[in-house]
Amino acid sequence: MNPESISNDPQLDASGKLIHLLGLKGLPKTELEHILDVANDLLDSKGNLKKSKALDDMSVANLFFEPSTRTRNTFEIAAKRTSANTINVDLANSATKKNETLMDTMQTLKAMQIDMFVIRHKESGLPHRIASNIDGVSIINAGDGTNAHPTQALLDMLTIRQHKGSFDDLSVAIIGDIRHSRVAHSDIQALSTLGVKDIRLVAPENLQFNGEAPEGVRCFDNLHEGINGVDVMMTLRLQKERMMSADIPNEQVYFETFGLTDKKLKLAKPDAIVMHPGPVNRGIELDSGVADGPQSVILQQVTNGIAVRMAVMVVLAGKA
Ligand code: NCD
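Residues numbered from 1 in each chain as written. Predicted model: local features only at pLDDT ≥ 70, side-chain atom pairs only at ≥ 80, totals over all residues. Heavy atoms only, no water.

**Details of the site of the ligand**
Just so we agree on the cut-off: A cutoff of 4 Å decides nearness: a residue is near a molecule or strand if any of its heavy atoms lies inside that distance of it. Two N or O atoms form a polar contact when they lie within 3.5 Å of each other; inside protein one atom must be a possible hydrogen donor and the other a possible acceptor, and for residues adjacent in sequence the pair counts only when both atoms belong to side chains. A helix here means a DSSP run of H or I that spans at least four residues, while a strand means a run of E at least two residues long, and both kinds are numbered starting from the N terminus. Ten residue types, Ala, Val, Leu, Ile, Met, Phe, Trp, Tyr, Cys and Pro, are classed as nonpolar, four, Asp, Glu, Lys and Arg, as charged, and the remainder, Gly among them, as polar.
If you check the shell around the ligand, you find R70, T71, R120, H149, Q152, R182, V183, R237, P277, G278 and P279 and nothing else. Side-chain polar atom of H149 to an oxygen atom of the ligand: 2.7 Å apart, as the coordinates give it. Looking at the shell around the ligand, the elements with two or more residues in it are α2 (70-81) and α6 (182-193). Across the shell around the ligand, the residue classes tally to 3 nonpolar, 4 polar and 4 charged.

Written as structure tokens, this is what we have:
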């Protein structure tokens with residue numbers, strides 16, 4: 001599937017206002033930068049989160065049909081820090097288990113005066129379908145299948161911007177299981193929209209981008225070449241749950257060929273940063289020396305995730 005090949009059409013209204021966040025394709029650079037600016041204003045000079053009263057008249061529901069630690073929790077914290085009411089719908093015991101359709105469950109929650117729904121689902125395009133079927137609420141895509149994960153890409157962009165200032169002259173390598181990664185798909189969109197001219201996808205052939213890579217994006221099957229001289233290394237988890245068994249690489253071999261170590265980091269620029277959306281598999285995508293080392297910004301990504309999710313909700317509510 002091409003990155004974000006599913007249409008994000010319902011996300012902008014006729015006047016171009018953002019009413020859902022489904023994916024980054026079709027989102028103008030100005031809108032993307034606006035969200036980053038709002039997120040930045042929600043952080044103090046030390047990078048700590050501020051509080052806001054912006055959503056004190058709103059309710060946000062989290063519907064996570066797939067496991068999640070950081071995304072679900074950071075959405076919940078983000079809703080609370082913007083003063084919204086927040087509920088985590090208990091899907092294991094919900095009426096969908098009694099065969100109620102998802103659309104009926106959504107209508108029921110809407111009748112409980114929920115204004116925004118944060119949805120993660122294994123089916124690519126499900127948040128888009130809900131957004132097209134239910135009026136008067138905002139849908140935020142927290143990851144749909146292998147399609148898109150827009151808030152992860154936005155928090156990645158905020159983190160890059162904090163370290164590198166501008167996107168114009170950057171070289172960025174995305175390393176690992178690109179084929180199954182909604183994060184990679186959204187990151188490629190975001191980096192392209194923000195004007196990064198050197199985007200490299202570094203992966204073994206069977207985990208490389210599926211189909212023709214987007215214009216201007218180069219594919220590498222050799223880590224040394226792929227990270228040579230780059231400013232940013234975005235590593236990805238091997239998503240075994242999405243692979244056919246024949247595609248699952250031997251972890252030791254994978255680490256030796258694509259895993260980041262202190263020695264391999266020296267191929268990138270001396271001030272290059274190392275990112276990972278989490279959850280990290282130490283000794284597979286990167287070793288502990290890199291994950292915990294001075295070039296790692298992985299925990300800063302987590303904090304930025306709250307600021308970005310606060311910003312997305314505030315913008316969708318028309319409060320910024
Ligand atoms: C990612 C996801 O769920 O797509 N994780 C996340 O949101 N922090 C990446 C992954 O699971 O590997």
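**Structural notes on the pairing of strand β8 (residues 232-235)**
Note the following rule: A simple rule labels every residue: compare its accessible area, found with a 1.4 Å probe on the protein chains alone, to the largest value its type can have, and call it buried under 20%, exposed over 50%, or partly exposed in between. In this analysis, strands are considered paired if DSSP registers two or more bridges between them.
The side-chain alternation of β8 yields two buried faces, one formed by V232 and M234 and the other by M233 and T235. In terms of strand pairing, strand β5 (residues 171-175) meets β8 through 4 bridges, oriented parallel. Looking at β8, one finds that I175 is bridged to T235. The sheet contact formed by β8 and strand β9 (residues 273-275) spans 3 bridges and is parallel. Looking at the pairing, M233 lines up with V274 of β9.

**Topic: the domain arrangement of the protein**
Operational definition: All the domain ranges listed were derived from an automatic or database domain assignment. Within this document, salt bridges are pairs made up of a side-chain nitrogen of Lys or Arg and a carboxyl oxygen of Asp or Glu, the two lying within 4 Å of each other.
As assigned here, the protein comprises domain 1 (9-149 + 302-316) and domain 2 (150-301). Taking the mean C-alpha position of each, domain 1 and domain 2 sit 25 Å from one another. For the salt bridge of R242 with E66, the shortest nitrogen-to-oxygen distance reads 3.7 Å. Applying the counting rule to domain 1 against domain 2 returns 19 residue pairs in polar contact (both at pLDDT 80 or more). Within the residue set of the side of domain 1 that touches domain 2, elements represented by two or more residues are α1 (29-41), α2, β3 (116-121), β4 (138-144) and α11 (298-316). Looking at the side of domain 1 that touches domain 2 element by element, the count peaks at 8 residues for α1. Split into classes, the residues belonging to the side of domain 1 that touches domain 2 amount to 16 nonpolar, 12 polar and 9 charged.

**A look at the side chain of R120**
Formally: For this analysis, residues touch if any pair of their heavy atoms sits within 4.5 Å.
If you trace the backbone, R120 turns up in strand β3. Within the local environment of R120, its side chain forms a polar contact with the side chain of T71, the two groups lying 3.3 Å apart. Contact partners of R120, with chain neighbours within four places excluded, come to L63, F64, F65, E66, P67, S68, T71, A142, G143, H149 and R182.

**Let's talk about helix α5 (residues 150-164)**
What counts is decided by this rule: Multiplying 1.5 Å by the helix residue count minus one yields the expected span of that helix.
Taking 1.5 Å of rise per residue, the 15 residues of α5 would be expected to cover 21 Å, and the 21 Å separating its terminal C-alpha atoms lies within 8% of that figure. The buried count for α5 comes to 12 of 15 residues, which makes it a mostly enclosed element. For α5, every residue scored as buried is listed here: P150, T151, Q152, A153, L154, L155, D156, M157, L158, T159, I160 and K164. The positive-phi residue at the C-terminal boundary of α5 is G165, with phi of around 80°.

**Details of the nonpolar core**
Selection criterion: Within this scheme, the nonpolar core is defined by two criteria: the residues are buried Ala, Val, Leu, Ile, Met, Phe, Trp, Tyr or Cys, and they are joined through side-chain atoms within 4.5 Å.
With 62 residues, the main nonpolar core has L154, M157, I160, I174, L191, M234 and M313 as its most contacted residues. Looking at which element gives the most residues to this core, the answer is α11, with 9 residues. Among the domains, domain 1 (9-149 + 302-316) and domain 2 (150-301) are the pair contributing at least three residues each to this core. Excluding residues within four positions of it along the chain, I174 makes contact with A184, D187, I188, L191, R200, L201, V202, M234 and L236. Counting 22 residues, the second largest nonpolar core, distinct from the first, contains V230, M243, Y254 and V274.

**Section: the environment of I273**
Mapping I273 onto the fold places it in strand β9. Among the residues examined, I273 registers a relative accessible area of 5% and is labelled buried. Separated by 199 residues in sequence, I273 and T74 have C-alpha atoms that sit 23 Å apart. Ignoring any residue separated from it by four or fewer positions in sequence, one finds I273 in contact with I160, H163, K164, D231, V232, M233, Q295 and V297.

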